[in-house]
Amino acid sequence: MHEKVQCTQCHAKPVFTEVGKHCQDCHADIHQRKMGTDCAQCHSVQGWNIAVQKVRDHQNRFPLLGAHAAVQCEDCHKSAAVGQFQGLSTACVSCHLREYQKTTNPNHVSGQFATTCESCHSFDSWLGANLNHAAPPINFPLTNGHANVPCATCHVNGNYSLQIALTDCGNSQCHLRTWQQTNNPVHSAAGPAFAVANCASCHTTKGWDSASFDHSVTGFTLTGTHASPTPTPCASCHVSNNYTLNSTDCMGCHLAAWQSTPTFGGNVPDHIRAGFPSTASACATCHPITKWADGKFDHNAFGFPLTNSHALVANGGKVASCTSCHIGNNYSLNIAPTDCGNAGCHLTTWQTTNNPAHPKAGGPFAAANCSTCHNTITWNTAIFNHGATGWVLTGSHQMAPAGKIVACTDCHVGNNYTFTAANTDCYGCHMAAWQSTATLGGNVPNHITAGFPNSQCATCHDTLLWADGKFDHSATGWPLQGAHVTTPCASCHMGANAFALTSANTDCYGCHQAAWLSTQTLGGQVPNHIAAQFSISCVTCHTTWVTTGWLGATLSSAQHNWFRIPHNGSVCSDCHLVSTNYATFSCINCHTRTAHQPGMSHPSVGGQYVYGATTCYNCHKN
């Protein structure tokens, strides 16, 4: 429609920018600003009246939905007849205040209901209001049995200002009378757990009679046969409506059962004569809550586990009943598992032993030490740890078939188990073998005449084989080397006290004096040791770890007083011409006159050279 308008109708002044762009800038607002400033909500440039249908459809800030869609315009817009559609409030109460004031179920005015109608009512229907009872400020959800109760049942006399907590069933005046009428138990007399403020502890909105009491809050959880109400009703324990019990002691309910134990017999001990404690913790050590008569005593709890043969026959052992040990109904025994002999159970067995006779066999076989060898599997399968005595059985000392010992009495003759440390050093058992060395001969020395100490048998002998003794000669400070290794003992150890050799005898001369003296006649490369005044420290030249015999001695260059040896392949007699006197020597036996002519001048001698036996050495030291 703007296309047909002359420019000057809008641009009254030649300044084109002084014209507004909004409808109201050119068109007067006949609605007197009651319909807002956005003309385009209803009108368009196609024609001023073309958009009226949108107005009738109420497509604005208050859409006509539900029951509002059937309402005539003039029902709300009272000046519609004269074409005035004033903007109205969107609050329900602005139109429906009369309906709000006429309410009776409930009376909104006396109940001080909020005028925010939409919190309960919908556009579709004014009736069928839905109140969210769980939302603030009420905060009381209507669940289960509360859901179908008419409002007036709780809001008596139109009292909608109730402030009740969900758990305040008794004090709320709704269920107080019900609480007062209870008889199983009588809540008003049954103690704090059943107080009027604690209804929610047991009751729910599903049903007043479907109460479920959590007994564990009392400190006594109901399990097994104690479970309530089945198989044990509350009144079975809370006799005469006594719900003020403050003890969890079993005896309070089971005293009669405890007192009946003297007549049961069998595996049930007389609890009274046995002095069994009657506390709850003591009863619970044997009796489970599932079944009182199915009591099982945990012997381990008293430091004496019943293992193997100690267990009852029913449990795989050999004990007929508890009274087999607890004679005369004596359940006050205080016995350690290792106290077999002193316990009065096995003392007679200990006293009748004969291999060995334990009462006479010393400390290891004392009545208090039975468990050292015996176990609960069987009394006769004793195993003695000989190593505990400080003398381990090895080699042939072991019991057959590992060793050669048939029985303990092979060593402990006459039931003598009181051996001391002196008896453990071979001689105590092997004296006969030691004495027989006087006649054995060969490489076996006579231990008696040799003065061998009988406390040191283990120096040569081991437990594998007595006759296979081996002496470690290096332990004497004189190891056997070279030809000495194969030399029989008797070749060195001769005479009445053959094995009493001292350190002086270990320096060759003690055994090889004859060989030393024989050097006077040997000749050749062997010097006369006596004439040469050689030391009797033979090892200076003779070494047993190099030579395989007495001959072949070698004098080191450090021990030669003149010049280094070997000397150009020469032997001792080439220089030492007098075999009985190695203090003299001659050079000219090998170095002839041709070495220096007579009268030859020699710068180093300061004159005429004199040819003599040792003259060469004066200059030629090497």
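As a starting point, this report considers the structure included with it.

Definitions and limits used
Residues numbered from 1 in each chain as written. Predicted model: local features only at pLDDT ≥ 70, side-chain atom pairs only at ≥ 80, totals over all residues. Heavy atoms only, no water. Helix = DSSP H or I, 4+ residues; strand = E, 2+ residues; numbered from the N terminus. Rg over C-alpha atoms; globule rule 2.2 N^0.38 Å. Buried < 20%, exposed > 50% of the residue type's maximum accessible area, 1.4 Å probe, protein only. Contact = heavy atoms within 4.5 Å. Areas by Shrake-Rupley, 256 points an atom, 1.4 Å probe, with all protein chains shown as cover. Lys, Arg positive; Asp, Glu negative; His and termini not counted. Charge placed at Lys NZ, Arg CZ, Asp CG, Glu CD. Phe/Tyr/Trp six-rings, centres within 6.5 Å; stacked < 30°, edge-to-face > 60°. Core = buried A, V, L, I, M, F, W, Y, C linked by side-chain atoms within 4.5 Å. Salt bridge = Lys/Arg side-chain N within 4 Å of Asp/Glu carboxyl O. Polar contact = N/O pair within 3.5 Å; in protein donor to acceptor, adjacent residues only side chain to side chain.

On to the overall build of the chain, then. The secondary structure content of the chain amounts to 18 helices and two strands. The C-alpha atoms of the chain give a radius of gyration of 65 Å, which is well past the 25 Å a tight globule of 622 residues would have. Each of the three principal axes of the chain carries a C-alpha extent, and together these read 180 × 115 × 35 Å. Across the 622 residues of the chain, 19% fall into the buried class. Sequence-distant contacts in the chain: of pairs separated by 6 or more residues, those separated by 24 or more amount to 43%. For the chain, the accessible surface area stands at approximately 42200 Å², while carbon and sulfur atoms represent 57% of it. Within the chain, the 26 negative side-chain charges are centred at a point lying 7 Å from the centre of the 23 positive side-chain charges.

What follows is about the side chain of His238. By secondary structure assignment, the location of His238 is in the loop between helix H8 (234-237) and helix H9 (251-259). Residue contacts for His238: discarding those within four places in its chain leaves His215, Tyr243 and Leu245.

A few words now on the packing of aromatic side chains. Here the structure, examined in full by the defined rule, presents seven aromatic pairs. Arranged with centres 5.2 Å apart and planes meeting at 65°, the rings of Phe365 and Tyr417 form a pair that is edge-to-face. Of this pair, Phe365 sits in the loop between helix H11 (347-351) and helix H12 (427-435) while Tyr417 sits in the loop between H11 and H12; the two residues are 52 residues apart in sequence, bridging distant segments of the chain. Of the two residues examined, Phe365 and Tyr417, each falls in the buried class.

Generally speaking, nonpolar side chains in soluble globular proteins are found buried as a group. Core analysis: the largest hydrophobic core is formed by six residues, namely Phe563, Cys575, Phe585, Cys587, Cys616 and Tyr617. Discounting residues that sit within four places of it in the chain, Phe585 has contacts with Trp562, Cys575, His576, Thr614 and Tyr617.

To continue, consider unusual backbone geometry. Most peptide bonds are trans, and most residues other than glycine sit at a negative phi. In this structure, the amide linkage connecting Ala400 to the following residue, Pro401, adopts the cis form with an omega of 10°. Counting through the fold element by element, Pro401 comes out in the loop between H11 and H12. Here the phi dihedral of Asn144 falls at roughly 50°; this positive angle occurs in a residue that is not glycine. Its place among the elements puts Asn144 in the loop between helix H5 (93-102) and helix H6 (151-154). If you check the backbone angles, Asn308 has positive phi at about 50° while not being a glycine.

With that settled, the discussion passes to the environment of Gly362. Turning to its location among the elements, Gly362 is positioned in the loop between H11 and H12. C-alpha separation for the pair Gly362 and Asn416, spaced 54 residues apart in sequence, amounts to 8.9 Å.

Okay, the pattern of salt bridges next. The tally for this structure, following the rule as stated, stands at one salt bridge. Among the ionic pairs, Asp468 bridges to Lys470, the shortest N-O distance being 2.9 Å. Under the relative-accessibility criterion, Asp468 is labelled partly exposed at 38%.

This paragraph deals with the side chain of Ser396. With respect to the helices and strands, Ser396 occurs in the loop between H11 and H12. Residue Ser396 is classed as buried on the basis of its relative accessible area, which comes to 16%. Of the polar contacts made by the side chain of Ser396, one reaches the backbone oxygen of Leu464; its length is 2.7 Å. Sequence-distant contacts of Ser396, that is, excluding residues within four places in its chain, are made with Gly403, Lys404, Ile405, Thr463 and Leu464.

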